[in-house]
Amino acid sequence: MISNIEEDRQVCVSAPGKIILFGEHAVVLGKTAIATSLSLRAKIVITRNTENKLNLELPDLKEFGSGSWPLEEFRKLNDFPKGDIADPLKPFECNPEFLNQLLTFTSVKGIATFLFLFSAITQCTKGFNIKLSSDLPIGAGLGSSASFCVGLCGGLLEAMDIYACGKCDQCKGAHKNSDGEHNPCTVQSDLINLWSLQGEKLMHGTPSGIDNAVSTFGKALTFTRRAGYKILDRGIPPLRILITNTRVGRSTKILVENVINRSQKYTDLIDPVSNLIDTISMQCLACFERYEADSNFDELQSAMELMFDMNQSLLSGCYGVGHSSIDNIVSITKSMGLHTKLTGAGGGGCVITLLKPSTDSQQLEQLKKALSDAGYESWEATIGDPGVLIKSL
């Protein structure tokens, strides 16, 4: 259902990033991965303008900064989506020819993705000023592109008053949090998720859909190649983590291929490793369930520390996706009594350290300084954050 647009409304949206908690790489071999949302979020502010222009500001993307385009420039493109295909309630893929035409406006693929989602959802019928910023580092495997896509799609649908649910009470903001934000209902969230997946396809080719699903729905999900993803309906313990960026680039594709090749060549050796990693994922879910029942955080923390250590050893030593930078961070954090594992592809990228409830601000700053002195950058976060949040002003 599409209703009339409120001319003076400002829409503020945020969407979380994600980490793989357990199961990376084993998921490619048919096992279970657990992904959780982060308290680090992308933020989007959308306001109407009367210039019939799209004014875009991305202060975190220094190679772009800002841009401004008359809406008519998009509408006159030969492959601008219109007619039966252009139903914002039915997400559709970007026509390759239209993408090529959008790339004449910008050489940055991420901006072209943004322009497609804007054109498809708004049909370029109204001018908007849009500002995007993020707590998340770009290209670090923390779901930054998905959080942007989710936040943008959620914000544009809200700004255009496009609701798959017909604008139910929840989407009217009947259940706001203390900051005046609300989660869209499940039906509207499904629409946001499907639109954001179209953006992820432009960015990454054949994404699993994990990143945008976690960013849309929040909390945590499990994923297998056979069954796809399943959102966990239980609460996620507010575990404190420190995310550290090794600043080492890597090719996810090559790392995944190497694990598959190793599995095929040494099946009898790698299969037990994959099964053990799958068991760790299952034990993590069992720990979450026990904590929900007994609230014994000390027991949960001890189990998670052991699983962090085991998973890191299996990923690095058996799958071969470690890196000297990861080993260095593991050593630094271990000297302070903390437990660390890689997250995502490995070979560099980001690692996560499980902080203790007793880790105070002074100890945290000491740890962050030690990591910074070694050339790394880190951010504190919690897991299980809410999915996309919307506030209309």
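- With an unreviewed UniProt entry as reference, the protein chain is termed Mevalonate kinase, source organism Polysphondylium violaceum.
- The UniProt entry for the protein chain carries this comment under Pathway (unreviewed entry): "Isoprenoid biosynthesis; isopentenyl diphosphate biosynthesis via mevalonate pathway; isopentenyl diphosphate from (R)-mevalonate: step 1/3."
- Under the Subcellular location (unreviewed entry) heading, UniProt states for the protein chain: "Cytoplasm".

### Let's talk about the domain arrangement of the protein chain
Next up, step 1: The assigned domain composition of the protein chain is domain 1 (8–234 + 385–392) and domain 2 (240–380).
Next up, step 2: Here domain 1 and domain 2 have C-alpha centroids that lie 28 Å from each other.
Next up, step 3: Interface of domain 1 and domain 2: buried area, both sides summed, is about 2500 Å²; carbon and sulfur atoms make up 71% of it.
Next up, step 4: If you sort the residues of domain 1 by the area they bury against domain 2, Phe22, His25 and Arg234 come out on top, with a joint share of 29%.
Next up, step 5: Inspection of the region where domain 1 meets domain 2 yields three salt bridges.
Next up, step 6: Between Arg234 and Glu289 there is a salt bridge, and its shortest N-O distance comes to 3.6 Å.
Next up, step 7: The interface formed by domain 1 and domain 2 holds eight residue pairs in polar contact (both at pLDDT 80 or more) in total.
Next up, step 8: When contributions to the side of domain 1 that touches domain 2 are tallied by element, the ones reaching two or more residues are strand E1 (10–22) and strand E2 (33–49).
Next up, step 9: Grouping the amino acids of the side of domain 1 that touches domain 2 by side-chain chemistry returns 15 nonpolar, six polar and three charged.

Here is what the cut-offs are and how they apply
Along each chain, residues carry numbers from 1 onward, in the same order as the chain's sequence is written. Per-residue local features are limited, in this predicted model, to residues with pLDDT of at least 70; the limit for side-chain atom pairs, both in listing and counting, is 80 or more; totals at the level of whole chains, interfaces and linings are taken over all residues. Processing note: side-chain calculations cover all non-hydrogen atoms of the structure and skip hydrogens and water entirely. UniProt positions are given in the numbering used here, feature names are shortened, and annotations may be inferred rather than shown by experiment. Source of the domain bounds: an automatic or database domain assignment. Put simply, buried area is how much 1.4 Å-probe accessible surface two parts lose in total, over both of them, once they are put together. What makes a salt bridge here is a side-chain nitrogen of Lys or Arg within 4 Å of a carboxyl oxygen of Asp or Glu, nothing more. N or O atoms closer than or at 3.5 Å make up a polar contact, with two conditions inside protein: a donor-capable atom paired with an acceptor-capable one, and, for residues adjacent in sequence, both atoms drawn from side chains. For helices the rule is a DSSP run of H or I covering at least 4 residues; for strands it is a run of E covering at least 2, with both sets numbered from the N terminus onward. The nonpolar class holds Ala, Val, Leu, Ile, Met, Phe, Trp, Tyr, Cys and Pro. Asp, Glu, Lys and Arg form the charged class, and all remaining residues, Gly among them, are polar.

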